Structures are given as C-alpha cells and as structure tokens.
Amino acid sequence: MSALAERPANPVVGLNAAHESAKLHVTGAAMYTDDLAAQTVGTLTAWPVQSTNAHAKVTVDVAPAYDVPGVVRVLTAADVPGINDAGIKHDEPLFPSEAMFYGHALVWVLGETQEAARLGAEAVRVDYEPLPSCITVQDAIAAESFQGIARTVVRGDAASAMAASDRVFEGVTEFGGQEHFYLETHASFAIRDSEGQYFVQCSTQHPSETQEIVAHVLGIPSNEVTVQSLRMGGAFGGKEMQPHGFAAIAALGAKLTGRPVRLRLNRTQDITMTGKRHPFLIEWKVGLTADGMLQALEATLTADGGWSIDLSEPVLGRALCHLDNAYWIPNVHADGRIAKTNKTSQTAFRGFGGPQGVFLIEDILGRVAPALGIAPAELRRRNFYRQGQTTPYGQLVKDAGRIEAIWGELLADSDFAERTAEIEAFNATSPDVKRALAITPVKFGISFNFAAFNQAGALVHVYKDGSVLINHGGTEMGQGLHTKMLQVAATALGLELHQVRLAPTRTDKVPNTSATAASSGADLNGGAVKNACEQIRERIAKVAGRLLDVDERDVRFEGGRVSGLGKPGSLAFADVVNAAYLQRVQLWAAGYYRTEGLHWNPEIMQGSPFKYFAYGCAATEVEVDGFTGAYRVRRVDIVHDVGDSLSPMIDIGQIEGAFVQGMGWLTLEELRWDTGDGPHRGRLQTQSASTYKLPSFSEMPEQFHVRLFERAHEEGAVYGSKAVGEPPFMLAFSAREAIREAVGAFGPAGHGVVLGSPATPEAVFWAIEAARAAASDLDGSAVPAPAEVTDAAGDASHDRETVDA
C-alpha cells in the first residue's frame, strides 16, 4: 500500500463529521463576500449597464449618469491601465465596443448606494448598430459560426464496423443547458491599501486565476494583488472562470476612487450575464450485433459555447472522453466542435462536459432497446467494460469489474426483479398511469484534462500550545472540502478534530492554486495537506523519541497523545510541540502534491488523462400520468464508489445533491431564449425561479436510499479515497430512462420512445401521444424512433430518418 493511501490506527478520516461551518450556516452567522462589504464604511456599489441587443456595435454616452445624485464614477474602457479583457484567451473585453449578447455589461456605474448606482446606469445612453446574430446551435451551424479547436476521438474503423453490423440506427440527440442557480450570486469586494496593494474578497473557485486577471487588467504584477475566498454559497462550476471580470471591475473602481468597491449581482443580472451548462446538438449513428453488442459509433458533437470560448474547449474534450460511459465500444469516430452564438458565454458546470457525453450513449441505448427486443437494463449490462479493456482514447479502464459488482449489489438492494414484475402487473391494469423502474451506471474520470492543473499546495502551522492552523489552495462552496481537509490534517498529525482549525483560502498563503473543480479538490489538496503535516510530524518525532527514549521510527501519534512503541505512558502533543520549539525545530511546513501517472495528447485525443475512474449505479422508479405528462419519483436506490471515504456523511450528502441536480437538468430545468426577429431577439426569457423550474421538495424521491460501495480502497489517492463531487450527477440518467420506459408502456411492444430534454411534463405528454399513436396503428410501425438504417442483409428496415430528442 502506498504511503499516500495508507491509514494509521484510529484515523479521523472515515468518521462522520459535521460540515465545519454547519452551525454558522443554519444560524445565519456565516459570512460571505457581500456581508464583508456591507460592514465596511465608505464602500461604493458597482452596477452594470446591460445591452438590450443580441449583437451590435455600441456607442455609450455616460455623461447623463453624472447628473444622478450619488453617482461617483462610471467605469469605461478608457479607464483600464492594463489589458481590457476578463478572459484567459483574450476574447472577453471587460468593456466591449461590440455587444455580443442580450444582457452584456457595457460599462459600470459606481454609486454611494445601490440605488444611486442603479439609477445612474439607467441614465446612461447607448446607441446600437445591429449586427447579424446566431441564437441557436442550428443558427451557428448554418452560418458556419464556430470557435476554438475542433477535436476528434478515433478508435478502430467505425465505418467498416458499421457496415458489418447486424443492426444500424441513426438519430439526432439535442439537449439544453442548465443555470447554476447557486444561492449566493457573483460577488466581489476590493480594497486598495495604504501601500497601493489590492485585497480582493471574491466568491471564486479559482482565486489564483482571479488574481491573475485582476493584475493584468490593472497592469500590475500578481504580487500586488491578494485574493481571498472565504466561502461560497454554492458555485457548481459557475464560479471557476466567470468571477474574474467582476473582481477586476471592483479592483479598478478601488484604484480610481481610492475607496472600497463592492459588486454583487442580483438574481436577474446573474442569470442574464453569466454562463450556463453547454447545450449540445449531436448527430449519431450506431451499429450493434443482433444480440445487442455495440460494434461502432459515429457522432458529431456540436457544443453551444455562447459568445466567447471560456472553458468550452476542455468541456468538449471531456464530453468526447465520456461518450462511452461504462460501455465497451470497439470502433468509434467522434468529432467535436464548438458553436459561437450570441448568448452568455457557457462555462463549467458540475460534470464539465461529462454529462453531455454520457447523455449520448444512454440516449442511444434507451432508444434502440425496444427495437432490439432487449430489456434496457440487460442491454446496458451486456455492454459493460470488462477487465483489460481500454477507452476510445486509449486509457485502461482500471477496476472495470467494479461496474458489474456495483450493478449486482444495486439489483439486490433495490429488489429490482421483484419490483419490475410488480410494475408490469400494475401497468397491465392501469391504462392512464404507468410506472417504470430503470437502472443506469456511471464511469467518470477524475483529474483535470489540462495536466498542469493537477497540483496543489498547503501551508500548515503548529503553534506552541499544540493547536494547528491549515491553509490550502482549495475553496469551500458548501461541498465539505474544508471539513475533509481538517480530517486529513488531524489524521496525519494524530490529533482530535477540535485541535485543528482552517483559515480562508488566500493567494498570499498558497500561491498558483488550481481551481477547485474536476472533483479533484480533496485528492489534490488532501495530498498537499498530508505532505505538510508529515514533514512536521517527522521533525517532532525526533524530539519525542528523545523524550520517550525510543527510536524516532517507533514514535506514534494518536488522539492528541504521543507515545513510544512498547513503552508505557504517553505525552500530550502540546508538550512535545513546546519541547520542539525550545529545541528550535521548525513547526510549520509548506506541503505540495502532484498527481502522478497522467499523460495526455489533446491534439490526437489519446493518452491516460485520468488518475482513476469513479463508478456508481442508480435505480429509479417513476409514475407517469398519461393525461398531463406529469410524473413523480417513487423511489431511488444508489450504490456509489467513493473509495475509502474521507467523510461518509459529507459524501452521502454530495451524492444526494448531485442526483437531484442532475434530475433537474434532465427533467425540469429549461432555458429559453427569444429566437424571433423582434426587438428582444436573444433575450433570456427564463430570468428567475418563477420561470425557470428548479427541483424542489415536490420533486424529491419519496424513498431515497444511498449506500457507499464497500471494499473500495483506491491505491494512490489520499487515504484511499475517491472523488465524489461530479460523478453522482450522472446517476440521474436513471430517472430519465425510467420516464422513457413508462412512456413506452403507453405504446406497443417494440416502440422506441424519443424523449425531449429536458423531459418536462409537456415533453413527456407529447411522447405519450406518439406512443398512443403507435399503439393505434394496426401494424404498430408508426413513429419509428430512432430510424433503423439497414440490417446485415442490406434490407432497408425504415427509410432514413433523423429524429430529434
């Protein structure tokens, strides 16, 4: 067992621990970025002037704003001393001369109060010279409007394998984006101190990159900017790239006025200005044997990137690396490209392209299973990866046997066979309400696709009284990372949890941090924290050895006490630390960790980009109303692999939350833009919770059973654990597939259900109508979906047809 993965006796990791800020959260005492700003005297508020045109050259007259009482300054491009850009690819002007989407911030007004800033923004005059706009992916494809680098994943000879397949199907899969809808909107607060340095409080997942962008906008080196992320009220990827520009606006305002500046978007501004999960349009063709074994997949994935590139390239890359999900596809040819549209710049969102890739293969299997005459669960099981097989991009699927092991345990836990029989009996006597039980797997790669991000640092201080303070490069957005890091430090130093405290994430404590993203926060920062603690422990073990009269290798740290192997009695950790101080032993350490064993060539999309795969399976039962398309989730069972959990209660909470958020994307949440040619073309129509449907208590499963996969030690990861943030999101496909199967029960045997996404009650209703139409047709061949192209003998089973989903 590796030193990184090995656990000592009686570790603090693995215990159920409450979230380190739980009491502060529930009592309302937890402070967030804007709370800090509200407590600072003399703070100015920034307010945007937003474009009311999807694409236009703009001329801005700010003079009228200065007639509004309380307006102090209007920030424009002329005020930028450095680079007028908020992105790392220099395609996101902070103050644009060309509005690129409806809602684009053109200039910012600073006011003594929020009301003064708002009224000042309303007074600014903007003249528009409209330009052609692309609102949908189809618009962009027709206009050949693309951005970034196109990528291709190839294995084998998909065209030849397709031609040799017994059954060939083709179709189009289209699905929408998703609004992050974190509880805390984007917020930044900047102060320029007496020495001319900038201290920026920011709700950001990537403080070091925020620091970098602020510095290049101001035209100063990074060592003059400190960024702190105290905590975030949710982020889900939406605060990985997009906070940088807002922080730069606040810092620029502080520079020009000499006063603190706060910037906090209200909900409507946040929704209309910031990026979402990428929608995709995918054209595909799949070949299978007569008994349902996948042979070939050809696909073209078009991601809607919005107006700038942001993180669209790595999102597309991860989608291409997850279109196999848990299934062996021997021959693959998948092209990926990024559409440029006049919408918000789409960005990271939990799963980061993985869910979009998984969507493709799960949609295909769900659609073709009826035509093959194979139960969807069985079709999926037959195609699972086996030990020794590799992904289309060339990585060995390590521990592939866990997929079927978890699947088998879940079938037993959920009484799958018995309940399936009960559901069939229920449906046979219920013409207007149908039920279904579906099971789906997930295989998700853990690590950043960009190799340089797979590193982390930490700074650990041990004080003379034995108390410990840790800093690390990860940010806390409610996911429990700080809690896990406290448990890692307590375990590594042999302390009790209460003896360790954690400081806010700051760029002047741990530099050059990676984003807290890609589900890698605990792996990376846990490795760094453990490394720092072990350096300190080794130093004080020498002192303890002399005090206990044992070899330093025989010193043991546990429960806040230090003992010698085979020696009676023990010493308090604080006493040993104090003795070490008196002997001039260093009691702090900078820890570092880099993920080993990664190699990736993005040009050819081949290599081993992931440290390991996280696995899981979910079984979901739904009931669908044939009159309205409304549905309810009756029961969910999940078995998920988190390795040896660092904090089981935290991990189970993450699995539950990810599943519900995934279910929201797949079944409820629908972003709608005005695609007409009127004056509001490109305007986001779903700007609040009143028009954008989020999961609520009414959508929660009536029964929700989550269990961690046992005997799941992960060698080479901190204390044998695995990531948990993103993989469970994709377990929600079981809910969508259950809805599909329930809809299919309204039609004849063999009817393939094309289900819109999100599968809202409206979309479900129209799918039910299609199933009923198929049932009323005498030969049961109406509404083929997807279109079958040929069989092995070359006979056309159906005309070629493209069907949208």
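It should be noted that the structure appears before, not after, this text.
Starting afresh in each chain, residues are numbered from 1 along the sequence in its written order. Local features in this predicted model are restricted to residues of pLDDT 70 or higher, and side-chain atom pairs are both shown and tallied only at a pLDDT of 80 or more, whereas totals for entire chains, interfaces and linings draw on every residue. As a rule here, side-chain values cover all heavy atoms of the structure and leave hydrogens and water aside.

Asks: Help me understand the sheet that holds strand E22 (residues 561-564), please; the structure alone is not making it clear to me.
Replies: Either a parallel or an antiparallel arrangement is found when strands of a sheet pair, and the pairing is made through backbone hydrogen bonds. Sheet architecture is open: 3 strands sit in the order E21-E22-E23, paired in antiparallel fashion. Two strands bound the open sheet, and with one partner strand each, they are strand E21 (555-558) and strand E23 (570-572). Ignoring strand direction, the axes of neighbouring strands in this sheet form an average angle of 25°. Any two strands with at least two DSSP-identified bridges between them are counted as paired. Only runs of H or I of at least four residues qualify as helices and only runs of E of at least two qualify as strands under DSSP, and these elements are numbered from the N terminus. The convention used is that axes are lines fitted to C-alpha atoms, helices contributing only their stretch in contact, and that angles between N-to-C directions extend from 0 to 180 degrees.

Asks: Would you take a moment to explain the packing of aromatic side chains for this structure?
Replies: Centre distance and the angle of the planes are the two values used to describe a pair of aromatic rings. The pairing test for Phe, Tyr and Trp rings, Trp by its six-membered ring, is centres within 6.5 Å, and the orientation test on the planes gives stacked under 30 degrees, edge-to-face over 60, and tilted for anything in between. The final tally for this structure, using the stated rule, is 21 aromatic pairs. With 6.2 Å between their ring centres and 70° between their planes, Trp-108 and Phe-246 make a pair best called edge-to-face. Placement of Trp-108 in strand E5 (residues 105-111) and of Phe-246 in helix H7 (residues 243-257) is noted, with a sequence separation of 138 residues between them. Pair check on accessibility: Trp-108 and Phe-246 agree, each one buried. With 5.9 Å between their ring centres and 65° between their planes, Phe-359 and Trp-665 make a pair best called edge-to-face. A residue pair is termed long-range when its members are at least 10 positions apart, and Phe-359 in helix H10 (residues 354-372) and Trp-665 in helix H17 (residues 648-667) qualify at 306 residues. One exposure class covers both Phe-359 and Trp-665, and it is buried. Three labels apply to residues, based on accessible area from a 1.4 Å probe with only protein chains included: buried if under 20% of the type maximum, exposed if over 50%, partly exposed otherwise in between.

Asks: When you look at the side chain of His-186 in this model, what are you seeing that I'm missing?
Replies: Relative to the helices and strands, His-186 resides in the loop between strand E8 (167-175) and strand E9 (187-192). What makes His-186 buried here is its relative accessible area of 0%. Pairs of N or O atoms within 3.5 Å make up the polar contacts considered here, provided that, within protein, one atom can donate a hydrogen while the other can accept it, and that residues adjacent in sequence are counted only when both atoms are side-chain atoms. Among the polar contacts listed, one links the side chain of His-186 to the side chain of Tyr-182, at a separation of 3.2 Å. The residues touching His-186, leaving out its near neighbours within four places in the chain, are Gly-238, Lys-239, Gln-242, Pro-243, Phe-246, Leu-263, Arg-264, Leu-265, Asp-270 and Thr-274. Contact between two residues is taken to exist if any of their heavy atoms lie within 4.5 Å; hydrogens are not considered.

Asks: Would you mind showing me how to read the environment of Asp-67 here?
Replies: As for its placement among the helices and strands, Asp-67 is situated in the loop between strand E2 (56-61) and strand E3 (71-75). Judged by relative accessible area, Asp-67 falls into the exposed class, the value being 65%. Separated by 53 residues in sequence, Asp-67 and Gly-120 have C-alpha atoms that sit 8.0 Å apart.

Asks: Before we go on, may I ask you to explain the layout of surface pockets in this structure?
Replies: Space left empty within the atom packing is revealed by a probe, the size of a water molecule, rolled over the atoms. Using protein atoms alone on a 1 Å grid, points that fit a 1.4 Å probe yet trap it form a cavity, whereas open point sets bounded by protein on both sides within 12 Å along at least five of seven lines form a pocket; residues with an atom within 4 Å of a point count as lining. Grid points are joined across faces, edges and corners, and a volume is the space filled by probe spheres set on the points. Of the pockets and cavities examined, the second largest pocket occupies roughly 820 Å³. Around the second largest pocket, the lining is made up of 35 residues, and of these Pro-314, Asn-449, Phe-450, Ala-451 and Phe-453 lie nearest the centre. For the lining of the second largest pocket, the secondary-structure elements that each account for two or more residues are strand E7 (146-155), helix H6 (207-218) and helix H9 (312-320). No other element matches the 4 residues that H9 contributes to the lining of the second largest pocket. Of the residues assigned to the lining of the second largest pocket, the class counts are 18 nonpolar, 9 polar and 8 charged. Side-chain classes follow a simple rule in which Ala, Val, Leu, Ile, Met, Phe, Trp, Tyr, Cys and Pro form the nonpolar group, Asp, Glu, Lys and Arg form the charged group, and the remainder, Gly included, forms the polar group.

Asks: Any chance you could explain the sheet that holds strand E10 (residues 198-202) here in plain terms?
Replies: Taken in spatial order, the 8 strands make up an open sheet running E3-E5-E1-E12-E9-E10-E11-E20, and their pairing is mixed. Since the sheet does not close on itself, it has two edges, and those belong to E3 and strand E20 (505-506), each with one partner. Two strands pair when backbone bridges link them, and strand E1 (residues 44-50) and E5 are joined in this way by 6 bridges, in the antiparallel orientation. Opposite Pro-48, over in E5, you have Trp-108 as the bridge partner.

Asks: How do you make sense of the pairing of strand E13 (residues 280-288) when you look at a structure like this?
Replies: Note on strand geometry: in a regular strand, side chains alternate between the two faces of the sheet. Burial of E13 is extensive: 7 of the 9 residues sit out of reach of the surface. Sheet topology places E8 next to E13; 9 bridges connect them, and they run antiparallel. The partner of Arg-167 across the bridge, within E13, is Leu-288. Pairing between E13 and strand E14 (residues 294-304): 9 bridges, direction antiparallel. Bridging from a neighbouring strand, Leu-281 pairs with Thr-302 of E14. Counting the residues in the hairpin turn of E13 and E14 gives 5 residues, including Gly-292, whose phi is positive at 90°.

Asks: Looking at this structure, I do not really get the nonpolar core. What am I missing?
Replies: The tendency in soluble globular proteins is for nonpolar side chains to be buried side by side. To qualify as a nonpolar core, a set must consist of buried Ala, Val, Leu, Ile, Met, Phe, Trp, Tyr and Cys residues joined through side-chain atoms within 4.5 Å. The biggest cluster of nonpolar side chains holds 105 residues, and the ones touching the most others in it are Leu-301, Phe-659 and Val-764. In contact with Val-764, other than residues within four places in its own chain, are Val-624, Gly-629, Tyr-631, Ile-739, Val-743, Leu-755 and Ala-759.

Asks: Would you take a moment to explain the packing of H6 against H7 for this structure?
Replies: Packed helices, taken two at a time, are described by the angle their axes make and the gap between the axes. Where H6 meets H7, the axes come as close as 9 Å, and the angle between the chain directions of the two elements is 45°. As far as their axial angle goes, H7 and H6 are oblique. Read as a crossing pair, H6 and H7 show a hand that is right-handed. Two secondary-structure elements touch here, H6 through Glu-209, Thr-210, Ile-213, Val-214, Val-217 and Leu-218 and H7 through His-244, Ala-247, Ala-248, Ala-251, Leu-252 and Lys-255. Per-class residue counts for the contact of H6 with H7 are 8 nonpolar, 2 polar and 2 charged. Angle categories are assigned with fixed cut-offs, so that under 35 degrees is roughly parallel, over 145 is roughly antiparallel, 65 to 115 is roughly perpendicular, and the rest are oblique. Crossings are sorted by hand: turned counterclockwise from the far helix by less than a right angle, the near helix makes the crossing left-handed, and turned clockwise it makes it right-handed.

Asks: Could you clarify how one ought to interpret the pairing of E21 in this entry?
Replies: What you see with E21 is a clean split: Val-555 and Phe-557 sit on the buried side and Arg-556 and Glu-558 on the side with no burial. As paired strands, E21 and E22 are joined by 4 bridges and run antiparallel to one another. Across the sheet, the residue bridging to Glu-558 is Arg-561, located in E22. Counted between consecutive antiparallel strands, the loop separating E21 from E22 contains 2 residues, among which Gly-559 sits at a positive phi close to 60°.

Asks: What is the right way to read unusual backbone geometry from this model?
Replies: With the exception of glycine, the majority of residues adopt a negative phi angle, and the majority of peptide bonds are in the trans configuration. For the peptide bond that leads from Ser-757 to Pro-758, omega is 5°, which places it in the cis range. The residue Pro-758 is located in the loop between helix H18 (733-744) and helix H19 (761-776) in this model. Even without glycine at this site, Met-605 takes up a positive phi of about 55°. Owing to a relative accessible area of 3%, Met-605 belongs among the buried residues under this scheme. Residues other than glycine seldom take positive phi values, yet Arg-711 does so here, at roughly 55°.

Asks: Can you help me understand empty space enclosed by the protein in this one?
Replies: All told, the structure shown has 4 cavities of 30 Å³ or more when counted by the stated rule. In this model, the largest cavity occupies a volume close to 320 Å³. Lining the largest cavity are 18 residues; nearest its centre among them are Ala-86, Glu-92, Phe-246, Met-273 and Trp-307. Put simply, the parts of the chain that give the lining of the largest cavity at least two residues each are E5 and H7. Top contributing element to the lining of the largest cavity by residue count: H7, with 3 residues. In terms of residue class, the lining of the largest cavity is built from 11 nonpolar, 5 polar and 2 charged. Empty space within the second largest cavity amounts to approximately 90 Å³. Considering the residues around the second largest cavity, the lining is formed by 13 residues, among which Asp-523, Leu-524, Tyr-593, Thr-595 and Lys-611 are closest to the centre. Residue composition of the lining of the second largest cavity, grouped by class: 6 nonpolar, 5 polar and 2 charged.

Asks: Can you help me understand the packing of H9 against H10 in this one?
Replies: Axis separation between H9 and H10 bottoms out at 7 Å; the angle between their running directions is 35°. Between H9 and H10 lies a crossing whose hand is right-handed. Residues Val-315, Arg-318 and Ala-319 of H9 lie in contact with H10, whose contacting residues are Gly-354, Gln-356 and Gly-357. Looking at side-chain class alone, the contact of H9 with H10 contains 2 nonpolar, 3 polar and 1 charged residues.

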